[in-house]
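Below are the chains, spelled out letter by letter.
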Amino acid sequence: MARASRLLAALAALLAAAATGGDARPSKIAVVGAGIGGSAVTHFLQQHFGPRVQIDVFEKGTVGGRLATISVNKQHYESGAASFHSLSLHMQEFVKHLGLKHRREVVGRSAIFGGENFVLEETDWYLLNLFRLWWHYGISFLRLQMWVEEVMEKFMRIYKYQAHGYAFSGVEELLYSLGESSFINMTQRSVAESLLQVGVTQRFIDDIVSAVLRASYGQSAAMPAFAGAMALAGAQGTLWSVEGGNKLVCSGLLKLTKANVIHATVISVTLQQTEGKPLYLVKYENEVGIGSDFYDIVVIATPLHPDNSTITFEGFNSPTDVIQDSYQPTVISLVHGYLNSSYFGFPDPKLFPFANILTTDFPTFFCALDNICPVNISANFRRKQPQDAAVWRVQSPKPLLRSQLKTLFRSYYSVQTAEWQAHPVHGSRTTLPKFALHDQLFHLNALEWAASSVEVMAVAAKNVALLAYNRWYQDLDKIDQKDLMHKVKTEL
């Protein structure tokens, strides 16, 4: 009876909207997932539909998703996405809007480890670093930079498109609007193949490019060129993070929108109303038991793959590619201890100069190693000396064995881990998925299959919010426009 009465009430609201011209805003929206995608889309949906729309955000874990921290000795350290690029415009705007601050940067030198020795070592002198790159690799680094800049220049068009309200129903449509067939081809061709074509040497790819991709995605230069270009862009320029922890962006956006956060696991989404605007029944389970409610719009802001999601879709023919698989597991281990610098060729730990170590594609058990700083940095904070105990962040494809920890550390006080299904295995799909699963049912994480980063999820969130808004008010001229590249040169 209760479910029937709720359905009748929802139908009555739809009839009332039709009687007033059909332009009433939705009454309730469901967002599944409270990571950066879910919190950002909640913010953007409220921007477009107004503050009176009720938005329920379902989260089975903790707010922040893959933006998370781990406490070591009463200090908090990033265990998820650690930093953002200066071109992350949505993230920059969130931080400004929420009154958050950029964390003070503590400079540290980097190196790339090739198994027996370092293939490249950063110095404190910029010109010397450039000379070393040229000496070892010729002008490959310039050709790489030009290639990445060309991709990013085209990708940055998305912000102008979104500022004018344009949205895309699928990943292929979005990429085509930015780079036409060249971007589509980049999702089907490897990083290595693309870079060799523009004159980057195989040695540079093996030593430098592979190390960056391992640290970013835990994957190799065989991954698709588009995702690789986005990762390589993130390795250049200025990086920043949020004072107090990057996850504050997620909790801040949800608080700002006054979203109703429901700590529960969503079980199913069922189409209930097919006449006029659709109506969806979202069934969920929490510690109290099974619950359900009706929504005009539903946004799935979490990966849909068997290891992470048990959501079923009922009452309509869902696209065949809704359930996605092949995510790359990544283990983050925060180790408080003394680094074994001898493993890296420095018997005297006092002489070890590096705070960040990347690795090439040689058979190894870790992808990257960083001497990290807490999320709150005081004015007098100084990075630990190499001979002192420090907190090191080890990124690896599998949990570290005791023998592997002993290889990397002379001794240690504690080890804490976080395991993520961090990124899709890029290149494991033959087609690009859709954002729109049904009329008003959307999958935000579809864009991860082109590239995967915090800012990409924010871009996807804005796109889905615009797509929902344009579909709700039937502004179809704002969806999947073919000539946006021309418009951006003229009227935009």
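Residues numbered from 1 in each chain as written. Predicted model: local features only at pLDDT ≥ 70, side-chain atom pairs only at ≥ 80, totals over all residues. Heavy atoms only, no water.

Okay, the sheet that holds strand β13 (residues 297–300) next. Here six strands make up an open sheet; going across it, the order is β9-β2-β1-β13-β21-β20 and the pairing mixed. Unpaired on one side and paired on the other, β9 (260–262) and β20 (436–438) mark the two borders of the sheet. The average angle at which neighbouring strand axes cross in this sheet is 20°, direction not considered. Where strand β1 (residues 28–32) lies against strand β2 (residues 54–58), five bridges are found, and the strand directions are parallel. Opposite V32, over in β2, you have F58 as the bridge partner. Across the face of the sheet, helix α2 (residues 36–49) comes into contact with β1, β2 and β13 while running at roughly 160° to β1. (Pairing = 2+ DSSP bridges. Helix = DSSP H or I, 4+ residues; strand = E, 2+ residues; numbered from the N terminus. Axes fitted to C-alpha atoms, helices over the stretch in contact; angles between N-to-C directions. Contact = heavy atoms within 4.5 Å.)

Let's shift gears to the pairing of β13. Of the two faces of β13, both are covered, the one formed by I297 and V299 as well as the one formed by V298 and I300. Where β13 meets strand β21 (residues 441–443), three bridges bridge the pair, whose relative direction is parallel. From the neighbouring strand, V299 faces β21, where its bridge partner is F442. (Buried < 20%, exposed > 50% of the residue type's maximum accessible area, 1.4 Å probe, protein only.)

What follows deals with the packing of helix α5 (residues 140–155) against helix α7 (residues 171–186). Look at α5 against α7: their axes get within 10 Å of each other, and the N-to-C directions meet at 130°. As judged from the angle between their axes, α5 and α7 are oblique. Two packed elements cross with a definite hand, and for α5 against α7 that hand is left-handed. The segment α5 lies against α7, with W147, V151, K154 and F155 engaging L178, G179, S182, F183 and M186. Of the residues assigned to the contact of α5 with α7, the class counts are six nonpolar, two polar and one charged. (Parallel < 35°, antiparallel > 145°, perpendicular 65-115°, else oblique. Left-handed = near helix turned anticlockwise from the far one by under 90°. Nonpolar A, V, L, I, M, F, W, Y, C, P; charged D, E, K, R; others polar.)

Looking now at a nonpolar patch on the surface. A cluster of nonpolar side chains, namely W125, L128, F131, W134, W135, I139 and L142, defines an oily patch on the protein surface of about 790 Å² accessible area. The element that contributes the greatest number of residues to the nonpolar patch is helix α4 (residues 126–137), accounting for four residues. (Patch = residues over 30% accessible without salt bridge, like charges linked within 9 Å, V, L, I, M, F, W, Y side chains within 5 Å. Areas by Shrake-Rupley, 256 points an atom, 1.4 Å probe, with all protein chains shown as cover. Salt bridge = Lys/Arg side-chain N within 4 Å of Asp/Glu carboxyl O.)

Turning to the sheet that holds strand β19 (residues 409–424), a few remarks are in order. Read across the open sheet, the seven strands follow the order β7-β6-β16-β17-β18-β15-β19; overall the sheet is mixed. Edge strands, defined here as strands with exactly one partner in the open sheet, are β7 (118–121) and β19. Put simply, the sheet's adjacent strands are angled 20° from each other on average, direction ignored. Sheet analysis places strand β6 (residues 109–113) next to strand β16 (residues 354–359), joined by five bridges and oriented parallel. By the bridge assignment for β16, I112 is matched with L358. Against the sheet, helix α9 (residues 202–217) engages β6, β7, β15 (327–339), β16, β17 (368–371), β18 (390–396) and β19, with an angle of about 100° to β16.

This next bit is on the nonpolar core. A general feature of soluble globular proteins is that nonpolar side chains tend to end up buried together. Within the largest apolar cluster, 99 residues are counted, with the highest numbers of intra-cluster contacts made by L45 and F226. Among the elements that make up this core, the one with the highest residue count is helix α13 (residues 454–472) (13 residues). Filtering out sequence-adjacent residues up to four positions away, L45 remains in contact with I29, V31, G50, I55, V299, A465 and A468. (Core = buried A, V, L, I, M, F, W, Y, C linked by side-chain atoms within 4.5 Å.)

Taken as a whole and assessed by the stated rule, the structure comprises eight salt bridges. The salt bridge partner of E173 is K434, with a shortest N-O separation of 2.6 Å. Taken together, the residues span a long stretch of sequence, with E173 in helix α7 and K434 in the loop between β19 and β20 at a distance of 261 residues. The partly exposed category is assigned to K434, whose relative accessible area is 33%. The salt bridge involving D207 is made with R203; its shortest N-O contact spans 3.8 Å. One end of the pair, D207, and the other, R203, are both in helix α9, four residues apart, so they sit about a helical turn from each other. Taking the relative accessible area as the measure of exposure, D207 reaches 13% and is therefore buried. Sharing partners across several salt bridges, the network here consists of K28, D56 and D293.

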